[in-house]
Amino acid sequence: MSIKNFQILHEKNILEIRWSDDHISRFHAKWIRFHCKCVRCKPTVTFDYKIDIPSFSPDLAYDEVKITDEGRKLHVIFEKELFQNHVTEHDADWLRQKCYCDACLECKVNERDVISKHLRSGREKVPPEVDFEEILEDSDRGTFKWLKHVIEEGMCLLKNVPREEKSIKEVASKIATLEETSFGSVWNVMDTGVDNGSYFPIALPLHQDQPTYETAPGLLLLHAFRFDSVVTGGDSTMVDMFEAVEIMRKESLEDFQTFVEVPATWCQVEYNPTSIEPVYLEHQKPHITLDYFGKVVGCVWQPGTHSTLQVRERDVERYYKAHNKMMEIIRRKELQYKFKLSAGDMIIFNNRRMVHARDAYKSNGGVRHLRGTYLRLDHVKSKYLVLGRKLGYDVIPPKVGNNSSM
């Protein structure tokens, strides 16, 4: 892309560029200056802070602008420049890529929103599958394949994982270091009778794990270490919360806005537990988080750890109305993935996006034993991008549900 022509506007504060395709970009003087790529300004190592913004004049303005290399280079000299004899330089391709007009920003946000592109509304709800053998044959490509399903569709069912205690660590460590929580780095889900609903053979409602933390765990891996054939029940259900909240926005904007504005409180207080370390975890936050562009970037849902609602009197009734609406939506059969794990299956999903549930079960003399662990969502996203580029795939930073669209 090349620069066709330009003009300086608004008391020499705005540089308007017309590109070779006639697209128009407008760049503020401070934006152009503070993103200079010359050797005096561009950091050479991470955390190298070469441009101290407060040191510059608040009245920084364009003085002289030149276009060279047949429109592919921009050179700028500023009035009230801090550095002596300094010329700011930018490649045209980079400038066009970073254009922040409304149309370009909307395009970037939509391009990264792989969640919306892969919602399964109206389609059969079947978890995508990858056989563990693919990872053994080609570790990078096999790992990227299941990771791509998790990034785009929120989950992946890894089949035929060896039923060994080390398996879950081996799979998880291909992505990142295991995340430590109050349950440890690896934990067992089975009928032990200890004081946590997960360890009883009861039904569990649709939920995300541990919203009691400031940042809830990102990726959740559950390995069916044993699931004996005599065990009845224990089927799994999952719902994409990003699909559910968009349905709420469409059907009841009032309830949607309530979930954006009115926070719930989640709490885990266990001073004398028999299965985990004593903890006091409490966090208040809204069910839905919007970004600067009005896009949904975060969802929280965990009825099992709701604490006392602590909001202003005027918001109590509207909160429960919105809560009932969301519960009605996620209980719709057409939104639910229903499946039964078999011994050797490992379900891997985005805990910040997918809610999961379990039917009650009866052991009938057998054993239902899952082993689980968490990974940070930031590390998962990083591994996806690094591994994808290593393999030569055209990957872009995706929205993953960690409260950010960019």
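All of these numbers come straight from a predicted model, not from anything done at the bench.

Visitor: Explain the state of the cysteines to me, please; I cannot follow it from the model alone.
Guide: Think of a disulfide as a covalent bridge from one cysteine sulfur atom to another cysteine sulfur atom. Within the structure shown, the criterion is met by 0 disulfides. Its sulfur unpaired, Cys101 is 3.6 Å from the next cysteine sulfur, which belongs to Cys104.

Visitor: I tried to follow the sheet that holds strand E19 (residues 346-350) on my own but got confused; where do I start?
Guide: For sheets, the rule is that strands pair by backbone hydrogen bonds, running either parallel or antiparallel. Strand order in the open sheet made by the 6 strands is E7-E8-E19-E11-E22-E9, with mixed pairing throughout. One side of each edge strand has no neighbouring strand; the edge strands of this open sheet are strand E7 (129-131) and strand E9 (186-189). Direction aside, the axes of adjacent strands within the sheet are offset by 20 degrees on average. Across the sheet, helix H6 (residues 139-153) lies against E7, strand E8 (155-159), strand E11 (219-227) and E19, angled at about 150 degrees from E8, the strand it touches most.

Visitor: Any chance you could explain the sheet that holds strand E1 (residues 3-9) here in plain terms?
Guide: Taken in spatial order, the 3 strands of this open sheet run E1-E2-E3, and their pairing is antiparallel. Edge positions in the sheet fall to E1 and strand E3 (24-28), since each has one partner strand and no second. Neighbouring strand axes in the sheet, compared pairwise and without regard to direction, differ in orientation by 20 degrees on average. Looking at chain direction, strand E2 (residues 14-19) and E3 are connected through 5 bridges and run antiparallel. Paired with Leu15 across the bridge in E3 is Phe27.

Conventions and cut-offs
Residues numbered from 1 in each chain as written. Predicted model: local features only at pLDDT ≥ 70, side-chain atom pairs only at ≥ 80, totals over all residues. Heavy atoms only, no water. Disulfide = S-S within 2.5 Å. Pairing = 2+ DSSP bridges. Helix = DSSP H or I, 4+ residues; strand = E, 2+ residues; numbered from the N terminus. Axes fitted to C-alpha atoms, helices over the stretch in contact; angles between N-to-C directions. Contact = heavy atoms within 4.5 Å.

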